[in-house]
Amino acid sequence: MDITDYDKALYYTHHCACIDLSILMMKTEDDILSKRIEQFVHAFIRETEFMKVKEARDTLLSYIDYVYRMEPEIGEIAAMNQTLD
């Protein structure tokens, strides 16, 4: 897992950098992150209701937060695998 994709997504989301988010959406290997970015960018550009844009943004940020919380566990598993080898 490349945590820099999530760092970039967080930064671009807070700065409403839709072009950079779109590029990241195409480059990332995380399909869920890609889908969440797509939903946010689409809502940001097309939606007229602020609440729908906010909901899409919150969904993206919630997923990024979830990944950040899971990252230490993934690191612990990788460390365990190295000690077993």
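A.B. asks: Explanation requested: the side chain of T28 in the structure shown.
C.D. replies: Relative to the assigned elements, T28 resides in the loop between α2 (18-27) and α3 (31-46). Relative accessible area serves as the criterion here: at 10%, T28 is assigned to the buried category. Polar side-chain contacts of T28 include one of 3.0 Å to the side chain of D5. Filtering out sequence-adjacent residues up to four positions away, T28 remains in contact with D5, L33 and S34.

A.B. asks: Honestly, the packing of aromatic side chains in this entry has me stumped. Any pointers?
C.D. replies: For the structure on display, the rule yields four aromatic pairs. A centroid spacing of 5.8 Å and a plane angle of 40° characterise the contact between F40 and F44, whose relative ring orientation is tilted. Of this pair, F40 and F44 both sit in helix α3, four residues apart, roughly one helical turn. Note on F44: relative accessible area 36%, which makes it partly exposed. The rings of Y6, Y63 and Y66 are connected pair by pair, giving a single aromatic cluster.

Reading the values: the criteria
Residues numbered from 1 in each chain as written. Predicted model: local features only at pLDDT ≥ 70, side-chain atom pairs only at ≥ 80, totals over all residues. Heavy atoms only, no water. Helix = DSSP H or I, 4+ residues; strand = E, 2+ residues; numbered from the N terminus. Buried < 20%, exposed > 50% of the residue type's maximum accessible area, 1.4 Å probe, protein only. Polar contact = N/O pair within 3.5 Å; in protein donor to acceptor, adjacent residues only side chain to side chain. Contact = heavy atoms within 4.5 Å. Phe/Tyr/Trp six-rings, centres within 6.5 Å; stacked < 30°, edge-to-face > 60°.

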